[in-house]
Amino acid sequence: MSFGFMIGVFGVLILAHAAYSTIQYRSLLKILEEEFSGLPMNVVGELLLGLVFCMWAALTVPGKFLSILPYSEENRIVSLPDNLDFMVFNHRGKVFPSKMDLKLKR
Amino acid sequence: MVGAVEEAQLNRLENQVDNGGGGAWEYLCLVRKLKVRRSEKVLKHGLSILNDPKQRSKLGGEEWTLYEQVAIAAMDCQCVDIAKDCINALQRKFPESMRVGRLKGMLLEARGSWKDAEVAYSSLLEDNPLDQVIQKRRVAMAKAQGNISGAIECLNKYLEIFMADHEAWRELAEIYVSLQMYKQAAFCYEELILCQPLVPLYHLAYADVLYTLGGLENLQMSKKYYASTIDLTGGKNTRALFGICLCSAAIAQLSKGRNKEDKDSSELHTLAAKTLEKEYKQRSLTKLPLLTATLRNLKLPS
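Residues numbered from 1 in each chain as written. Chains lettered and ligands numbered in written order. Predicted model: local features only at pLDDT ≥ 70, side-chain atom pairs only at ≥ 80, totals over all residues. Heavy atoms only, no water.

## Some thoughts on helix α7 (residues 98-111) of chain B
Residues and elements named next belong to chain B.
Next, step 1: In this model α7 runs 20 Å from its N-terminal to its C-terminal C-alpha over 14 residues, within 8% of the 20 Å that 1.5 Å per residue would give.
Next, step 2: V100, G101, R102, L103, G105, M106, L107, E109 and A110 are the residues of α7 that are buried.
Next, step 3: Structurally, α7 contributes buried residues whose contacts are with α5 (62-76), α6 (80-93), α8 (114-127) and α9 (132-144).
Next, step 4: For α7, the N-terminal capping position is held by S97, with its side-chain oxygen 3.0 Å away from the main-chain nitrogen of R99. (Helix = DSSP H or I, 4+ residues; strand = E, 2+ residues; numbered from the N terminus. Expected span 1.5 Å × (residues − 1). Buried < 20%, exposed > 50% of the residue type's maximum accessible area, 1.4 Å probe, protein only. Contact = heavy atoms within 4.5 Å. Polar contact = N/O pair within 3.5 Å; in protein donor to acceptor, adjacent residues only side chain to side chain.)

## A short note on the nonpolar core
Residue and element names in this part refer to chain B.
Next, step 1: Core analysis: the biggest nonpolar cluster contains 52 residues, and L43, L66 and M75 have the highest contact counts within it.
Next, step 2: Residue assignment for this core shows that the elements contributing at least two residues are α1 (4-18), α2 (24-34), α3 (39-50), α5, α6, α7, α8 and α9.
Next, step 3: Both domains that furnish three or more residues to this core are identified here as domain 1 (1-95) and domain 2 (98-197).
Next, step 4: What L66 contacts, discounting residues up to four positions off in sequence, is W25, L28, R32, G46, I49, L50 and L59.
Next, step 5: Core analysis: the second largest hydrophobic core is formed by 45 residues, I175, A185, Y189 and L291 among them. (Core = buried A, V, L, I, M, F, W, Y, C linked by side-chain atoms within 4.5 Å. Domains from an automatic or database assignment.)

## Observations concerning the UniProt feature "transmembrane region" (unreviewed entry) in chain A
Next, step 1: The feature "transmembrane region" (unreviewed entry), as annotated in UniProt, sits at residues 42-61 of chain A in this numbering.
Next, step 2: As annotated, residues 42-61 of chain A has a helix share of 95% and a strand share of 0%, and its two end C-alpha atoms lie 28 Å apart. (UniProt positions renumbered as here; feature names shortened; annotations may be inferred.)

## As for the interface of chain B and chain A
Next, step 1: Contacts between the two partners involve 56 residues from chain B, matched on the other side by 28 residues from chain A.
Next, step 2: Surface buried jointly by chain B and chain A totals about 4,100 Å² across both partners, of which 61% is contributed by carbon and sulfur atoms.
Next, step 3: Applying the counting rule to chain B against chain A returns two salt bridges.
Next, step 4: Note that A:E73 and B:K236 form a salt bridge whose closest N and O atoms lie 3.9 Å from each other.
Next, step 5: In this assembly, chain B and chain A are joined by 14 residue pairs in polar contact (both at pLDDT 80 or more).
Next, step 6: Considering every element that reaches the side of chain B that touches chain A, the biggest residue donor is α9(B), with seven residues.
Next, step 7: In terms of residue class, the side of chain B that touches chain A is built from 32 nonpolar, six polar and 18 charged.
Next, step 8: Where strand β1 (residues 77-79) of chain A meets strand β1 (residues 2-3) of chain B, two bridges bridge the pair, whose relative direction is antiparallel. The residue bridging A:I77 from the neighbouring strand is B:G3, located in β1(B). (Buried area = accessible area lost by both parts, 1.4 Å probe. Salt bridge = Lys/Arg side-chain N within 4 Å of Asp/Glu carboxyl O. Nonpolar A, V, L, I, M, F, W, Y, C, P; charged D, E, K, R; others polar. Pairing = 2+ DSSP bridges.)

## Overview of the pattern of salt bridges
Close approach of charged atoms allows side chains of opposite charge to pair.
Next, step 1: Under the defined criterion, the tally for this structure stands at 21 salt bridges over all chains.
Next, step 2: Put simply, B:E14 and B:R38 hold a salt bridge, and the shortest N to O gap is 2.6 Å. Pair noted here: B:E14 is in helix α1 and B:R38 is in the loop between α2 and α3, with a separation of 24 residues, a long-range link.
Next, step 3: Accessibility expressed as a relative area gives 14% for B:E14, which makes it buried.
Next, step 4: Here B:R38 falls in the partly exposed class, since its relative accessible area comes to 27%.
Next, step 5: A network of salt bridges, in which partner residues are shared, links A:D85, B:K35, B:K136, B:D165 and B:E167.

## Focus on the side chain of B:T233
Residues and elements named next belong to chain B.
Next, step 1: Along the chain, T233 turns up in helix α14 (residues 216-233).
Next, step 2: Take T233: its relative accessible area is 3%, and that puts it in the buried class.
Next, step 3: Within polar-contact distance, the side chain of T233 engages the backbone oxygen of T229 at 2.8 Å.

Encoded structure:
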């Protein structure tokens, strides 16, 4: 398993832990009979950390990014395919028979 | 479409195979994928694979694709006997196949017996009247016999049914250009640009046709299409750069009497000329004086 994938798993675990802590915090508030106003700082920090890890894993694990620019070296079209469906055998090559004497052996 | 990276890979593989470095099968696959016409090489290397039972059995089912590829290459090289042997092998494997029937028709074409080929194609079309490849073969056959007007008629009829076939549009455009019927060719290229707007070569060809047609309006249009070619290729297309310079010179000459706005366009051709000079400096320094002389003779407006 790759390093990026491990980071992703770790990120998901952190997020799950954050969710668990939030539930615990709310049940604690219920016992103390206080209003829920916001998450405690450490849970927010945990959430952000998990988000960063998951994002990083999602961007690195599936593969490399391909260029979408039409003029990048991978996408730049330099020639059209020869129109093979309209290939004509009656061309000037006919006058110059090839010197190869090849045979298909059976 | 052949990209820059793919072209480099093809050339590298071709070199390697020609010098006996192996990788013939990869080369043949790439040729098939990019749809380039390297019949002589395909014939040579394909046959060497087919004649070697050990290599051939390694291909598995792909063996039959190779037979087809070699058969077509052999017809292109006028080696009718080899083509016939390949087709016979395919016939034994797939007795009822349409594709083999098509190859047989092509073999008759390569022999020059047009009547028989026509009969063969007609009988195949009876079974399957919407077979695109066979209809295209009929166009090619008309062209091979020198019956260009017949080919145009046939192709137009074909395009009425299969309007989205860009290869056919391209063929029609090229036939029209060869007959100097530029208005019709321009229409075909418009159709192609609509079909595949991101292919710079269609923009380039359309611009060429418009420039050839002449007239102030066409020239201005052509300049725009040269500019879009440059946009799509990142300025790597030399022909488009030259096109901008030529168009600017021609427009300046036509609109000499009436001094028009066109302030921004002067910037365009100076930029194009500069890029051309830079490219020549990088790639072929010996031809740089020739380029500067040519650009000076164009008398570009500044």
